[in-house]
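# Coordinates in review
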Amino acid sequence: MASTMKLAEYLFSRLRQLGVGSIHGVPGDYNLALLDYVEPAGLRWVGNANELNAAYAADGYARIKGVGALITTFGVGELSAINAIAGAYTERAAVVHIVGTPPRSSQDARLLIHHTFNDGEYRRFAQMHSQVTVAQTCLRDPRTGTKQIDDVLRECLRQSRPVYIEVPVDLVSALVPSEALQQSIQMEDPIAASVSDVFDQIVHKIKSAQQPLILVDGEIRPMGIVGEVQQIIDVTAWPTWTTPFGKGLLNETIPNFHGVYQGSYDAPEVHAFVQQADLVLCFGPHFSSTNTYAFSSIPQPEVTIAFTDHEVKVGTKTFRDVPTKAITSMLVQRLNTLELKRYDPYPSLPREHKLSFADIDGADSLSQDRLWRLLANFLQPGDIVLGETGTAGYGVREMPLPRHSRLFTPVTWLSIGYMLPGAQGAALAQRELTESSQYFGIENARTVLFIGDGSFQMTVQELGTIIRLNLNVVVFLINNDGYTIERCIHGYRQGYNDVSSWRYLMAPSFFGAPEGTYTGSARTWGELEAILGSDEVCDGRGLRMVELVVGPEDAPKGPLVQFLQKQKARERTSRSWGTDTP
């Protein structure tokens with residue numbers, strides 16, 4: 001390796017070392033020189049329809065591959081992307097946001113150039129991003145540039161959240177020392193407190209528990225403890241639930257896995273069992289309102305041991321600076337030697353289950369009370385499943401997943417439209433892993449997107465990117481004439497929850513799909529059964545698209561249906577008092 005290289009070459013070489021194979025983004029005048037170095041560095045340039053979609057896609061890519069990257073131009077481009085960066089921050093996707101900025105001379109002279117507020121102030125966009133990234137750097141000096149890059153990337157990996165790198169156009173080709181590339185970025189181990197003290201307390205709680213259970217949340221992915229948590233679940237054989245964020249990270253085919261815990265919205269026997277537990281091992285909690293069914297699925301603190309990044313809470317006592325991966329690894333090794341509570345007989349608790357078309361009249365119209373458990377028959381090992389914010393996001397939570405599958409469902413940020421470009425990024429990451437034989441030995445892995453018509457209209461342009469890259473994506477579009485999730489919350493008869501009526505199945509053709517690309521539509525169970533039985537849909541390649549037509553007030557069982565029923569009850573009450581307005 002030469003002793004020096006260009007700064008852009010160094011940056012992209014580092015990204016390749018981290019496992020990034022593709023960079024998302026949109027060209028703009030202040031990043032064009034930077035883009036010249038992407039493909040020579042061995043990276044794929046994706047090229048998205050707009051910066052918001054590019055950032056959504058980089059987020060989806062990061063959740064599968066571990067880290068993702070996008071490049072935007074200064075000002076208008078980066079602000080278009082910032083909503084998606086905020087979502088990645090909230091839900092812990094490690095995204096590297098690289099921004100091409102004006103030359104240092106223009107910034108120093110405070111020139112009133114385009115893409116600025118025309119006031120000579122160049123730092124405002126970085127200040128905005130400082131609120132939604134965990135580390136930021138503005139490259140100004142070739143002598144310190146490589147260290148700045150490495151420091152920011154280290155934080156991206158350590159915290160699994162977005163970071164922000166500004167590259168002035170006049171620094172892109174500046175020579176920098178290349179020596180640091182000979183070593184990978186080193187992660188510093190946290191300084192441990194008294195690990196033995198907290199471990200002893202955990203073991204004591206486990207040994208004395210008479211009705212223990214396990215609750216797994218989605219932050220085990222960025223914490224890097226998915227494998228350890230799975231081993232704990234297997235060894236204890238204790239009843240296990242996840243949150244929506246955690247679903248898809250575990251092996252759902254084992255007998256002690258019971259799906260998503262819905263708190264007060266769950267079956268009475270499930271809710272009672274959790275409430276009566278004397279020990280809850282809670283891994284990776286992410287207790288937002290939408291991830292906990294209005295906070296009702298949060299376990300009682302006094303019986304909970306909660307494992308977060310560098311803390312363990314045993315009841316109401318917090319042990320700080322505890323390396324969670326180390327403590328869970330110790331727990332795996334110790335469990336085999338402990339006298340654990342063994343459920344014999346195992347409690348009678350419901351599990352997620354599929355439905356069969358044999359039990360349904362094929363002439364009946366589709367409805368979401370049964371739709372999702374029938375669609376579960378379509379899923380195959382290794383599928384990445386995405387359910388967009390809306391009825392689809394609730395429906396996919398009902399689906400038992402096969403081995404090695406992943407699930408994206410609304411968690412906290414809930415930016416409508418995320419899942420379509422997110423599917424593009426996830427499918428690309430999935431293909432890269434498949435091509436490198438790192439995907440469980442599965443060759444024909446699919447990405448399966450369930451999305452409502454309103455959400456589809458937000459980010460539909462990314463169908464073109466999916467088609468151009470020939471990604472293996474199956475799109476199920478829920479056509480229910482508008483924002484049904486909003487109808488359930490408020491205004492179920494109001495026009496503001498309507499959307500334009502599109503000819504959705506013409507979208508693949510419009511966005512460049514080759515002639516013969518599969519499209520299909522189902523209004524009845526019989527039509528859906530025929531579609532799901534098609535080899536072209538199940539085992540084909542590239543884009544396939546299926547429209548599922550349901551009623552505008554149709555929703556999966558659970559909170560959305562209850563919200564809608566409450567609205568209607570309030571309306572009936574208003575009418576009985578003569579206060580209803582047309």
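Just so it is clear, the model here is predicted, and its values are computed rather than measured.

Looking now at the layout of surface pockets. Of the volumes computed, that of the largest pocket is approximately 1000 Å³. Along the walls of the largest pocket sit 40 residues, with Arg-221, Pro-222, Met-223, Gly-224 and Val-226 positioned nearest its centre. Counting residues per element, the ones that place at least two in the lining of the largest pocket are α3 (51-65), α7 (142-159), α9 (220-223), α10 (226-236) and α12 (324-335). Counting residues per element, the lining of the largest pocket draws most heavily on α3, which supplies four residues. When grouped by side-chain class, the residues that make up the lining of the largest pocket number 18 nonpolar, 11 polar and 11 charged. Taken together, the elements giving at least two residues each to the lining of the second largest pocket come down to β11 (257-260) and α13 (368-375). In terms of residue class, the lining of the second largest pocket is built from nine nonpolar, four polar and eight charged.

As a further point, take α13. Where burial is concerned, most of α13 is hidden: six out of the eight residues are buried. Those residues of α13 that are buried lie in contact with α14 (391-395), β18 (447-452), β19 (473-479), α20 (525-532) and β21 (544-549).

With that settled, consider the nonpolar core. The nonpolar side chains of soluble globular proteins are, as a tendency, buried together. If you look at the biggest cluster of nonpolar residues, it comprises 50 residues, and the most contacted ones within it are Leu-70, Val-95, Phe-408, Leu-449, Phe-456, Leu-463 and Val-475. Listing elements by their share of this core, those giving two or more residues are α3, α4 (76-91), β16 (384-387), α15 (419-435), β18, α17 (462-468) and β19. By residue number, the principal contributor to this core is α15, which donates eight residues. Other than its neighbours up to four places away in sequence, Leu-70 contacts Ile-23, His-24, Glu-51, Ala-54, Ala-55, Ala-58, Ala-81, Ile-85, Val-95, Val-96, His-97 and Ile-98. In terms of nonpolar packing, the next biggest core, distinct from the first, is built from 48 residues, Val-198, Leu-279, Cys-282 and Phe-283 among them.

In the UniProt entry, the feature "domain: Thiamine pyrophosphate enzyme central" (unreviewed entry) is given for residues 200-306. In residues 200-306, helix accounts for 30% and strand for 19%; the two terminal C-alpha atoms are 15 Å from one another.

Right, let's talk about the UniProt feature "domain: Thiamine pyrophosphate enzyme TPP-binding" (unreviewed entry) in the chain for a bit. Residues annotated by UniProt as "domain: Thiamine pyrophosphate enzyme TPP-binding" (unreviewed entry) correspond here to residues 400-487. Annotation note: span residues 400-487, helix share 40%, strand share 18%, distance between end C-alpha atoms 27 Å.

We now examine empty space enclosed by the protein. Applying the stated criterion across every chain, the model contains three cavities of 30 Å³ or more. By volume, the largest cavity is sized at about 250 Å³. Lining the largest cavity are 26 residues, and of these Arg-63, Glu-91, Thr-409, Val-411 and Tyr-418 sit closest to its centre. The set of elements that each furnish at least two residues to the lining of the largest cavity consists of α3, α4 and β17 (406-408).

The residue Pro-162 is located in the loop between α7 and β7 (163-168) in this model. For Pro-162, a relative accessible area of 0% corresponds to the buried category. Distance from Pro-162 to Glu-352, taken between C-alpha atoms, is 34 Å for residues 190 residues apart in sequence. Discounting residues that sit within four places of it in the chain, Pro-162 has contacts with Ile-85, Ala-88, Tyr-89, Ala-93, Val-95, Val-132, Thr-133, Val-134 and Ala-135.

Definitions and limits used
- Residues numbered from 1 in each chain as written.
- Predicted model: local features only at pLDDT ≥ 70, side-chain atom pairs only at ≥ 80, totals over all residues.
- Heavy atoms only, no water.
- 1 Å grid on protein atoms, 1.4 Å probe; cavity = no way out; pocket = protein on both sides within 12 Å on 5 of 7 lines; lining within 4 Å.
- Points joined across faces, edges and corners; volume = space filled by probe spheres on them.
- Helix = DSSP H or I, 4+ residues; strand = E, 2+ residues; numbered from the N terminus.
- Nonpolar A, V, L, I, M, F, W, Y, C, P; charged D, E, K, R; others polar.
- Buried < 20%, exposed > 50% of the residue type's maximum accessible area, 1.4 Å probe, protein only.
- Contact = heavy atoms within 4.5 Å.
- Core = buried A, V, L, I, M, F, W, Y, C linked by side-chain atoms within 4.5 Å.
- UniProt positions renumbered as here; feature names shortened; annotations may be inferred.

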